[in-house]
Amino acid sequence: VAIDLTGTGLRYKVGDALGVYPTNCSELVNDVLAVAKIVSDTKVQSDGLETSIGQVLARKCLRVISPELVDASIAHIEQRPKFNGAVAIDAALIEKLKLFAESDELDQWDIVEFLQHFPELYLPEQLLIDHLLDLRPRLYSIASSQTKYA
């Protein structure tokens, strides 16, 4: 991989690393928002700041479902008010989520598939954001010296 830093003013030496921070494409973010029934400019807390959920989802890993998200979903269902037979419906949903957490599907589904399979979850926006992993930077080791080419 060759990365041209000409004109950036960046200085580096052998042993430094360049971090490339990925973001999700807007189509994937919009798919998550649509299946979760969330408006993209809904405000959430992220890194101590209030920002739109669409911007936050662009920086979250949407390809992995963490066991913590499943556990938080179960806790949310257990705590939400129950009306008109919802006790039985929520109990069945909790059982489905527990079976899912123990299955191989946990490692195979992305967040869109998860939300499509469990449409009755209705997760609060902040709960969803809090339990998605951050996209991690890809680090590239710098193997040449800037002084050699100066």
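Up top is the structure these notes are about.
Below is a summary of the structure that appears in this document. (Residues numbered from 1 in each chain as written. Predicted model: local features only at pLDDT ≥ 70, side-chain atom pairs only at ≥ 80, totals over all residues. Heavy atoms only, no water.)

### So, the nonpolar core
- Grouped together as the largest cluster of nonpolar side chains are 36 residues, with contacts concentrated most on Leu57, Leu69, Leu97, Ile111 and Phe114.
- For this core, the elements supplying multiple residues, two or more each, are helix H1 (26-36), helix H2 (53-57), helix H3 (67-79), helix H4 (86-102), helix H5 (111-117) and helix H6 (125-130).
- Not counting the four nearest positions on each side in its chain, phenylalanine 114 is found in contact with Ile65, Leu69, Val70, Ser73, Leu97, Phe100, Trp109 and Leu121. (Core = buried A, V, L, I, M, F, W, Y, C linked by side-chain atoms within 4.5 Å. Buried < 20%, exposed > 50% of the residue type's maximum accessible area, 1.4 Å probe, protein only. Helix = DSSP H or I, 4+ residues; strand = E, 2+ residues; numbered from the N terminus. Contact = heavy atoms within 4.5 Å.)

### A word on the pattern of salt bridges
- Per the counting criterion, the structure on display carries 5 salt bridges.
- Across the pair aspartate 134 and lysine 60 runs a salt bridge whose closest N-O atoms are separated by 2.7 Å. Residue aspartate 134 is located in the loop between H6 and strand E4 (138-141), and its partner lysine 60 is located in the loop between H2 and H3; the two are separated by 74 residues in the primary sequence.
- The class of lysine 60 is buried, set by a relative accessible area of 10%. (Salt bridge = Lys/Arg side-chain N within 4 Å of Asp/Glu carboxyl O.)

### Focus: the environment of lysine 13
- Its location among the elements puts lysine 13 in the segment before strand E1 (17-20).
- Look at lysine 13 and you get exposed, because its relative accessible area is 56%.
- Lysine 13 sits 129 residues away from isoleucine 142 along the chain, and the two C-alpha atoms are 7.3 Å apart.

### Side note on the packing of aromatic side chains
- Summed over all chains, the structure comprises 5 aromatic pairs.
- On the numbers, 5.5 Å between centres and 35° between planes, the contact of phenylalanine 100 with phenylalanine 114 is tilted. Here phenylalanine 100, found in helix H4, pairs with phenylalanine 114, found in helix H5; they are 14 residues apart in sequence, far enough to count as distant.
- On the basis of relative accessible area, phenylalanine 114 is assigned to the buried category, the value being 0%. (Phe/Tyr/Trp six-rings, centres within 6.5 Å; stacked < 30°, edge-to-face > 60°.)

### Digging into the environment of asparagine 84
- In this structure, asparagine 84 sits in the loop between H3 and H4.
- Separated by 25 residues in sequence, asparagine 84 and tryptophan 109 place their C-alpha atoms 32 Å apart.

### Comments concerning the packing of H3 against H4
- Relative orientation of the contacting elements H3 and H4 amounts to 170°, with a least axis distance of 10 Å. Judged by the angle between their axes, H3 and H4 are roughly antiparallel. Seen from H3, the contacting residues are Val70, Ser73, Ile74, Ile77 and Glu78; seen from H4, they are Asp90, Leu93, Ile94, Leu97, Lys98, Phe100 and Ala101.
- Here the contact of H3 with H4 is composed, by residue class, of 8 nonpolar, 1 polar and 3 charged. (Axes fitted to C-alpha atoms, helices over the stretch in contact; angles between N-to-C directions. Parallel < 35°, antiparallel > 145°, perpendicular 65-115°, else oblique. Nonpolar A, V, L, I, M, F, W, Y, C, P; charged D, E, K, R; others polar.)

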